[in-house]
Amino acid sequence: MQFSTGTLTDIASAFKRISLVGALGWQDVRQRYRRSALGPFWLTISMGIMIGTIGLVFGKLFNSPMVEFLPFLAAGIILWTFISSVVTEGCSEFVSAQGIIKQLPIPLFVHTLRMIWRNCIILFHNIIIFPVVLLVLGGSFNANVIFVVPGFLLLLVNLAWLGLMLGVVCARYRDLPQIVSSALQVLFYLTPIIWMPKLLPERAGSFILDFNPVFHLIEVVRSPLLGQVPSFDNWLVSTFLAVSGWVVAIFFYGRYRKRLPYWL
Amino acid sequence: MTVIDFKNASVDFPIYNAGGRSLKKRLMQVATGGQISADGQGRVIVRALEDLSFEFSEGECVGLVGHNGAGKSTLLRVLSGVYSPTEGEVSIRGAVGSLIDISLGIDQEATGRENIYIRGALLGLSRRKIDAALDNIIDFAELGDFIDMPVRTYSSGMHLRLAFSVSTIVRPDILIMDEWLSVGDEGFKQKAESRMSELVSSSKIVVIASHSKDLILNMCNRAIWLEHGRIRMDGSASDVCSAYFGG
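In this report, we go over the structure that sits alongside the text. For clarity, every value in this text was computed on a predicted model and none was experimentally measured.

It is worth spelling out the overall build of chain B at this point. Counting secondary structure elements, chain B contains nine helices and nine strands. Restricting to contacts in chain B with at least 6 residues of sequence separation, those with at least 24 account for 74%. On chain B, roughly 11400 Å² of surface is accessible, and the fraction owed to carbon and sulfur atoms is 49%.

Put into structure tokens, the structure is as follows:
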């Protein structure tokens, strides 16, 4: 039991170093876009173009009305980009911070938070596209948009344990990131992002959607954006994942936290 | 109470070659019942520190001597809390400040001012504390208007002055150094020396690794001689120096 209290202290002290997380996260974003006039908005532009193109092609292909399909697609792709880059970069969070880890006794969870914060900054740039799409198509938000807040927090809690665990495992086994990126590609097609769930035949639909955790995690943020309330199942699965994921992560992290600097 | 206590502490480094780190090898090993592990796993263990026991208490300034590869740097990292011992126990009470690499975290593309905030945050200073110390740091580094220029435009002297000025504003209980920090030209050197002495005298325990006999004799009241990761001698600075350096 002793190691798990140490682990909780480590995670709590990472939150105490929140100004370090903020500084490093901003620095990462600045570093990527230094000396470029538009900075991170380049991402926004290229994502806007991608959403427009996919929207045009798949909207025609699926014969979906643009007013319905394009906001769905925009919200989905923006959220998926956020989730998948957190997962991918989670694999390298400790390896790329090895200079710091080997010199200063900073709680390791700081590096997970830094990675998540950096991607939040980029998400906040990208999310601008969504209201623009709504505006152009004449749609609007309704009161249900307020559910975005708990939904997004729930998503963050889930990404935090996942990022922490992936970071630890990938520091030890260096070819795991390749497996993770292939898995992400499969998940991208299995999850309704560029296709709408209602296009699935009834039975296949319930199978593909209900057992896909990513679907529930995206849904708790996406459906309020589209004016709906996430279903009870969406909340239930996401909360269950958050709690069970953290329980496993705390034991796992507690077991390997002290070994990690030796692997770098 | 600031104390450092080592009880039979050892540090083993696992050395993974490309094979040892791959999941394929690991799975193969499980599939074949671990039979190919003899040649396949490639896991070598290097013992960097072996069975160290000592206690540092307040007021001690400890010099570490030993040849390259004797384990000085590893010991400094254990002392700063980066590595936990693989065997034995280490307890460190007090805030540790490490001046092992003062340039760590400095971003070439960022301005001097931005770097002060990043470096300060790494050292555990809050934003407010950095705000308060900012003018002092900039003055001390003698950077003038260059403070708002990217660090890549700095001369190496300016770079070091900046790193030095930020890194020495912390006041830890336990100070850890790898060699004495000495930076800049004659004028700056004197300022730096007095800043360093101030830092050393405000710390309760100081541990410094050095190859300089004079430094250890002048500064330390205790010295430890490491050889192949083991303590060869632990005693007063003058005794250890005369044994290690001879004469």
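Moving on from the model shown.
Counting residues at the interface gives 38 residues for chain B, matched by 31 residues for chain A. Buried area between chain B and chain A, both sides added, is near 2900 Å², and the carbon and sulfur share of it is 55%. If you look at where chain B meets chain A, you find one salt bridge. One salt bridge connects Arg 30 of chain A with Glu 114 of chain B, and the closest N-O pair in it is separated by 3.6 Å. Run the count over chain B and chain A and you get six residue pairs in polar contact (both at pLDDT 80 or more). Among the elements of the structure, β1 (3-16), α1 (23-31) and α4 (112-122) of chain B are those that each provide at least two residues to the side of chain B that touches chain A. With five residues, the top contributor of residues to the side of chain B that touches chain A is β1 of chain B. Class assignment of the residues belonging to the side of chain B that touches chain A gives a composition of 16 nonpolar, 10 polar and 12 charged.

Residue and element names in this part refer to chain B. Read from one edge to the other, the open sheet built from six strands follows the order β5-β6-β7-β3-β8-β9, with strand pairing classed as mixed. With one partner strand each, in any of the chains shown, β5 (96-99) and β9 (230-235) form the two edges of the open sheet. Here the average twist between neighbouring strands, direction ignored, is 15°. Alignment of strand β3 (residues 61-65) against strand β8 (residues 222-227), held across four bridges, turns out to be parallel. When the sheet's bridge partners are listed, Val 62 is paired in β8 with Arg 222. Helix α3 (residues 72-79) contacts β3, β5, β6 (174-178), β7 (205-209) and β8 of the sheet and is inclined by roughly 155° relative to β6. Running over the sheet, helix α9 (residues 237-244) touches β3, β8 and β9 and is turned about 35° from β8.

A word on the nonpolar core. Of all hydrophobic cores here, the largest spans 85 residues; its most connected members are Ile 51, Phe 82, Phe 109, Trp 246 and Leu 260 of chain A. Not counting the four nearest positions on each side in its chain, Ile 51 of chain A is found in contact with Leu 70, Leu 73, Ala 74, Ile 77, Ile 78 and Ile 129 of chain A.

On to unusual backbone geometry, then. Of note in this structure, Asn 63 of chain A is not a glycine but carries a positive phi near 60°. With respect to the helices, strands and loops of the structure, Asn 63 of chain A is situated in the loop between α3 (41-62) and α4 (66-96). A positive phi angle, near 50°, is found at Asp 51 of chain B, a position not held by glycine. Considering the arrangement of structural elements, one finds Asp 51 of chain B in strand β2 (residues 43-57).

Take helix α7 (residues 186-202) of chain B next. Residues and elements named next belong to chain B. Taking 1.5 Å of rise per residue, the 17 residues of α7 would be expected to cover 24 Å, and the 25 Å separating its terminal C-alpha atoms lies within 8% of that figure. Within the sequence span of α7, burial applies to Phe 188, Ala 192, Arg 195, Met 196, Leu 199 and Val 200. Axial view of α7: buried residues confined to an arc of 135°, hence all on one face. Facing away from the buried side of α7 by more than 90 degrees, the exposed set consists of Glu 186, Gly 187, Gln 190 and Ser 201. Lining the buried residues of α7 we find β5, α5 (127-141), α6 (156-167), β6, β7 and α8 (213-219).

Residues and elements named next belong to chain A. Where nonpolar side chains cluster on the molecular surface, the patch consists of Leu 38, Phe 41, Trp 42, Ile 45, Ile 49, Ile 128, Val 132 and Val 136 and spans about 750 Å² of accessible area. Taken together, the elements giving at least two residues each to the nonpolar patch come down to α3 and α7 (129-137). Ranked by residues supplied to the nonpolar patch, first place goes to α3 with four residues. On the secondary structure map, Ile 49 appears in helix α3.

This brings us to the pairing of β9 of chain B. Residue and element names in this part refer to chain B. Bridging between β8 and β9 involves five bridges; their strand directions are antiparallel. Its bridge partner being in β9, Leu 226 is matched across the sheet by Ile 231. Taking the residues that link successive antiparallel strands as the turn, the β8-β9 hairpin has two residues, and the phi of His 228 there is positive, at about 50°.

In this section: the layout of surface pockets. Taking a probe equal in size to a water molecule and rolling it over the atoms shows the remaining empty space. By volume, the largest pocket amounts to about 1700 Å³. Taken together, 46 residues line the largest pocket, and the ones lying closest to its centre are Pro 105 and Arg 257 of chain A together with Ser 80, Gly 81 and Val 82 of chain B. At seven residues, helix α1 (residues 2-16) of chain A tops the list of elements feeding residues into the lining of the largest pocket.

The topology assignment puts Val 243 of chain A in helix α12 (residues 232-256). A C-alpha to C-alpha distance of 30 Å links Val 243 of chain A and Val 29 of chain A, two positions 214 residues apart in sequence.

All names here are of chain B. Locating Ser 165 in the fold gives a position in helix α6. For Ser 165, the side chain forms a polar contact with the main-chain nitrogen of Ala 141, separated by 3.5 Å. Reaching out from Ser 165, the side chain makes a polar contact with the backbone oxygen of Arg 161 at a distance of 2.6 Å. Once you skip the residues sitting within four places of it in the chain, Ser 165 turns out to touch Ile 137, Phe 140, Ala 141 and Arg 195.

About the cut-offs
Residues numbered from 1 in each chain as written. Chains lettered and ligands numbered in written order. Predicted model: local features only at pLDDT ≥ 70, side-chain atom pairs only at ≥ 80, totals over all residues. Heavy atoms only, no water. Helix = DSSP H or I, 4+ residues; strand = E, 2+ residues; numbered from the N terminus. Contact = heavy atoms within 4.5 Å. Areas by Shrake-Rupley, 256 points an atom, 1.4 Å probe, with all protein chains shown as cover. Buried area = accessible area lost by both parts, 1.4 Å probe. Salt bridge = Lys/Arg side-chain N within 4 Å of Asp/Glu carboxyl O. Polar contact = N/O pair within 3.5 Å; in protein donor to acceptor, adjacent residues only side chain to side chain. Nonpolar A, V, L, I, M, F, W, Y, C, P; charged D, E, K, R; others polar. Pairing = 2+ DSSP bridges. Axes fitted to C-alpha atoms, helices over the stretch in contact; angles between N-to-C directions. Core = buried A, V, L, I, M, F, W, Y, C linked by side-chain atoms within 4.5 Å. Buried < 20%, exposed > 50% of the residue type's maximum accessible area, 1.4 Å probe, protein only. Expected span 1.5 Å × (residues − 1). Arc of directions from axis to C-beta. Patch = residues over 30% accessible without salt bridge, like charges linked within 9 Å, V, L, I, M, F, W, Y side chains within 5 Å. 1 Å grid on protein atoms, 1.4 Å probe; cavity = no way out; pocket = protein on both sides within 12 Å on 5 of 7 lines; lining within 4 Å. Points joined across faces, edges and corners; volume = space filled by probe spheres on them.

As far as function goes, none of this settles anything; it's purely spatial.
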